[in-house]
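Here's the letter readout for the chains.
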Amino acid sequence: MRRLLAEGLFRRPLTEPAPSADDAGLADLVARVDAAARVRLGRSLSIREVDAGSCNGCELEIHALGNAYYDLERFGFRFVASPRHADVLMVTGPVTKNMKEALERTWNATPEPKWVVAVGDCAFDGGCFAGSYAIAGGVSAVIPVDLHVRGCPPDPKALLSGLLTLIEAEDELAKG
Amino acid sequence: MTLRSDLIAEAVTIEPQHPWPRIDVDVETWDRAMLGIASGQADLAGLWSDGTDVHMALSEHGTGALLVLSLPVRDGRFPSVGLTHPPALRPERAIRDLWGIEPEGAPDGRRWLDHGRWGLRAPLGAATPHDDGPDAYRFLPSEGRPLHQIAVGPVHAGIIEPGHFRFTANGEIVVRLEERLGYVHKGLDRLMIGASLERATKLAARVSGDSTVAWSFAFARAVEAALGVAVPRRAVILRAVMAELERLANHLGDFGAICNDAAFAIMLAHCGVLREKVLRASKVAFGHRLMMDRIVPGGVAVDLHDSRPLLALLAEIRAVFPRLVTLYDEAASLQNRTVSTGILKPDLARRWAPGGPIGRASGRTFDCRKVPAYPPYDDVAFEVPSLAEGDVDARVRIRIAEIETSMHLIETFLGRLEPGPVLNDFDANRDHAPLALSESESPPSAREGVARTESFRGDVLVWVRIDDAGRIAAVYLRDPSVFQWPLLEAVIDGNIVADFPLCNKSFNCSYSGHDL
């Protein structure tokens, strides 16, 4: 173990530069983010992930955000265990009818100000599961969504630039 | 004579299902098969319905050959298998929820996938409207003064899929765990029925995102068996390269995550880097990090243009991974948590026949890459590790051994790649020669295929019936988790609550694959 730890001290970090914020999403968001929230939260955002019916593909890529290459926490983001500690709900999956109430209750348990990021093509509009008797629809059919990150699944870079969009949007508001 | 050959001899008719037969049976033969499975002469590999019949797949010991028995549903009923063989209980509850077909004599009458929220009952059967709101669920009772309950989920604390766990504990000790699943039920069977092959292939790739390659592989093989489609040799090899990359990525992730659940974060950090390297190499080689939608009926959707990045990946993993194994071996504090924790006894593993590392850590040797074997695994030498301890440590060690095997297999397969086509562009529609059938004549026999492939989690089974227009007439998708989830309830028994994450992560069952 000592050797592994020592190497960690001397090796250059694997962590990569941040991708740029998603421009299309940015313009979309500026209109919605409250300037007061920016002042209150600074650049630190706590995220509660909710799988509302995904195939688990999106979860794998959200997990990857924590590895040494993407190192999400350097931007002030962190995943928290309870919606009561969260500023952002990151929701995946077509929302199944069996998860609809759990998602609504999670959203209600999250204190204001809060944002919802819908991750993946299924979370956008139900994806290839749309139309099933067991599906309520995309995330916006159940709770208000602030940002969509598309992809099947979106890769960690896309997720990261989506999250950075949230912060940038707040910055724009603070400036303007 | 084996149970399987005896049953075939008793068949009313033998249906043209490929590559293993499906037989129509009477109640007597059905009962005989059920008793044979319950007494350990064969493994239960699946239980499902298409609305007309109830089908039971059994897997023969030693050869891994499948046999599907079909019993006509009479008056909306069939004799319960779960009454005699408990692993069939949940599949029967699913049949009842989806089709409204009653397993007669079944000891558990509670709904399973149906939470009363679909607005329908029996969505695949009568589909009667249901607007009374969600059903209450009666958990199994545990009685005694010092007992308390802990309810967890469906929204969990980590970045994982939803499900509900109801623990009953005496102080720190778990005396009962009961799972309630079905939260991610998406109605996949209904979406599949009537779908074109193209759409069904896309859906099959999304049964469980972590084993998308294995699912696409099994679905493609089942379709190819049903339609008699040949697959180019190069595609066969590329499929296995992808399947082993997927296994490598998942086992590396699990190894790190299990250790992390014992607060040994350094392993997660290192394994996370290796896993990321596998995903990046997969993207370079096949154009998608998880290799979703790369395997399609007839071959593969993308060719591999350069195998050097994959060989470089193996070299990188080999430079680091053995040291991580040494780290695991030398960390007494970590092994204090994994050794003798969450034991799955070999006897229970024999009865439930769980596939994957769970079965192989508890005395089973089944790996469908080995028996019955399928191309290209049928002409390559590799070891299938097996241990008898059945604890978290054994499940970790099976994964470690399989990581090494996967690297060996990737290297072997890449060495055998020869130039050639990768996709057989077939037409699933049989109507090229116009059929001169009148209404009164019997319809042309449907084309059926069944296939199993080994995912990182265990064997996935796909059964498919394709109509003349090349659309899905009926389908069964069975994730290995179906026979693994119930065992998690057994292994936590007598352990402390704090060890549940270790037990759970070392199982790593799929919610989406189970709930469909």
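Residues numbered from 1 in each chain as written. Chains lettered and ligands numbered in written order. Predicted model: local features only at pLDDT ≥ 70, side-chain atom pairs only at ≥ 80, totals over all residues. Heavy atoms only, no water.

A.B. asks: Looking at this model, I keep getting lost on the overall build of chain B. Mind explaining?
C.D. replies: A tally of regular secondary structure across chain B gives 16 helices and 18 strands. The C-alpha atoms of chain B give 23 Å as radius of gyration, which agrees with the globular expectation for 516 residues (24 Å, within 12%). Expressed as lengths along the three principal axes of its C-alpha atoms, the size of chain B is roughly 75 × 70 × 50 Å. Carbon and sulfur atoms make up 53% of the accessible area of chain B, which amounts to about 18700 Å² in all. Positive and negative side-chain charges of chain B, numbering 56 and 68 respectively, have mean locations separated by a distance of 4 Å. (Helix = DSSP H or I, 4+ residues; strand = E, 2+ residues; numbered from the N terminus. Rg over C-alpha atoms; globule rule 2.2 N^0.38 Å. Areas by Shrake-Rupley, 256 points an atom, 1.4 Å probe, with all protein chains shown as cover. Lys, Arg positive; Asp, Glu negative; His and termini not counted. Charge placed at Lys NZ, Arg CZ, Asp CG, Glu CD.)

A.B. asks: Any chance you could explain the interface of chain A and chain B here in plain terms?
C.D. replies: For interface size, the figure often reported is the accessible area lost on association. Taken together, the 49 residues of chain A in the interface contact 51 residues of chain B. When the two sides are added together, the surface that chain A and chain B hide from each other amounts to roughly 4100 Å², 61% of it contributed by carbon and sulfur. Three residues, A:L4, A:N98 and A:Y133, lead the burial of chain A against chain B; their summed loss comes to 20% of the area buried on that side. Taken together, chain A and chain B are joined by four salt bridges. With a closest N to O distance of 2.5 Å, B:R289 and A:E61 form a salt bridge. Remark: the boundary between chain A and chain B carries 23 residue pairs in polar contact (both at pLDDT 80 or more). Secondary structure elements with two or more residues in the side of chain A that touches chain B: helix 1 (2–10), strand 1 (45–51), helix 4 (57–64) and helix 5 (97–109) of chain A. For the side of chain A that touches chain B, the element with the most residues is helix 4 of chain A, which contributes seven residues. Partitioning the side of chain A that touches chain B into residue classes produces 27 nonpolar, ten polar and twelve charged. (Contact = heavy atoms within 4.5 Å. Buried area = accessible area lost by both parts, 1.4 Å probe. Salt bridge = Lys/Arg side-chain N within 4 Å of Asp/Glu carboxyl O. Polar contact = N/O pair within 3.5 Å; in protein donor to acceptor, adjacent residues only side chain to side chain. Nonpolar A, V, L, I, M, F, W, Y, C, P; charged D, E, K, R; others polar.)

A.B. asks: In this structure, what is going on with unusual backbone geometry? I would like to understand it.
C.D. replies: Leave glycine aside and you will find that most residues have negative phi; peptide bonds, for their part, are mostly trans. All names here are of chain B. A cis amide bond, omega -5°, links H18 with the succeeding residue P19. By secondary structure assignment, the location of P19 is in the loop between strand 2 (17–18) and strand 3 (22–24). Following V371, the chain continues to P372 via a peptide bond in cis, the omega torsion being 0°. Here P372 shows up in the loop between helix 12 (356–360) and helix 13 (392–416).

A.B. asks: Where do I start with the sheet that holds strand 12 (residues 164–170) of chain B in this structure?
C.D. replies: Residues and elements named next belong to chain B. The sheet built from three strands is open, its strands ordered 11-12-13 with antiparallel pairing. Two strands in the sheet have a free side with no partner beyond their single neighbour: strand 11 (147–152) and strand 13 (173–180). Each strand of the sheet is rotated relative to its neighbour by a mean of 20°, with strand direction disregarded. For strand 12 and strand 13, the ladder comprises seven bridges, and the chain directions are antiparallel. Paired with R166 across the two strands is E178, which belongs to strand 13. (Pairing = 2+ DSSP bridges. Axes fitted to C-alpha atoms, helices over the stretch in contact; angles between N-to-C directions.)

A.B. asks: Looking at this structure, I do not really get a nonpolar patch on the surface. What am I missing?
C.D. replies: Residues and elements named next belong to chain B. Together, I173, V175 and I496 line one region of the surface with nonpolar side chains, adding up to about 200 Å² of accessible area. Relative to the elements of secondary structure, V175 occurs in strand 13. Of the residues examined, V175 reaches a relative accessible area of 36% and is grouped as partly exposed. (Patch = residues over 30% accessible without salt bridge, like charges linked within 9 Å, V, L, I, M, F, W, Y side chains within 5 Å. Buried < 20%, exposed > 50% of the residue type's maximum accessible area, 1.4 Å probe, protein only.)

A.B. asks: I'm lost on the sheet that holds strand 4 (residues 42–49) of chain B in this one. Help?
C.D. replies: In a beta sheet, neighbouring strands pair by backbone hydrogen bonds and run either parallel or antiparallel. Residues and elements named next belong to chain B. If you trace the five strands from one edge of the open sheet to the other, you get 1-3-6-5-4, paired in mixed fashion. This sheet does not close on itself; its edge strands, each paired only once, are strand 1 (13–15) and strand 4. On average, each strand axis in the sheet is tilted by 25° relative to the strand beside it, whichever way the strands run. As defined by bridge partners, strand 4 adjoins strand 5 (residues 53–60) across seven bridges and the pair is classed as antiparallel. Each bridged residue has a counterpart across the sheet, and for L47 the counterpart in strand 5 is M56. Its contacts with the sheet place helix 2 (residues 27–38) against strand 4, strand 5 and strand 6 (66–72), and it is angled at close to 40° to strand 5. Running at roughly 10° to strand 4, helix 3 (residues 89–99) makes contact with strand 4 and strand 5 of the sheet.

A.B. asks: Mind showing me how you'd approach the confidence of the model for chain B here?
C.D. replies: Close inspection of predicted coordinates is inappropriate in any region flagged by low pLDDT. All names here are of chain B. Residue-level pLDDT values for chain B average 94, and 97% of them are 70 or greater. Per-element confidence in chain B ranges from a low mean pLDDT of 84 for strand 2 to a high of 98 for helix 7 (residues 233–260). Confidence drops under pLDDT 50 across residues 432–444; counting only partners more than four residues distant or on other chains, this segment forms eight contacts. (pLDDT = per-residue confidence, 0-100.)

A.B. asks: Explain the nonpolar core here, please?
C.D. replies: Residues and elements named next belong to chain B. Residues F255, F286 and F321 are the most contacted members of the largest nonpolar core, which totals 64 residues. Mapped onto this core, the elements with two or more residues apiece are helix 6 (212–227), helix 7, helix 8 (265–286), helix 9 (308–330) and helix 13. For this core, the leading source of residues is helix 7, giving 14 residues. Beyond its immediate sequence surroundings of up to four residues, F321 is in contact with L252, F255, L274, I400, I403 and E404. One finds I23, L177, W485 and I492 within the second-largest nonpolar core, a separate group that totals 57 residues. (Core = buried A, V, L, I, M, F, W, Y, C linked by side-chain atoms within 4.5 Å.)

A.B. asks: Before we go on, may I ask you to explain empty space enclosed by the protein in this structure?
C.D. replies: Vacant regions in the atomic arrangement are exposed by a probe of water-molecule size rolled over the atoms. Residue and element names in this part refer to chain B. Under the criterion given, the structure shown has six cavities of 30 Å³ or more. The space that makes up the largest cavity amounts to roughly 330 Å³. Contributing to the lining of the largest cavity are 24 residues, with L47, A94, L98, Y476 and L516 lying nearest its centre. For the lining of the largest cavity, the elements supplying multiple residues, two or more each, are strand 4, helix 3, strand 18 (472–478) and helix 16 (511–515). (1 Å grid on protein atoms, 1.4 Å probe; cavity = no way out; pocket = protein on both sides within 12 Å on 5 of 7 lines; lining within 4 Å. Points joined across faces, edges and corners; volume = space filled by probe spheres on them.)

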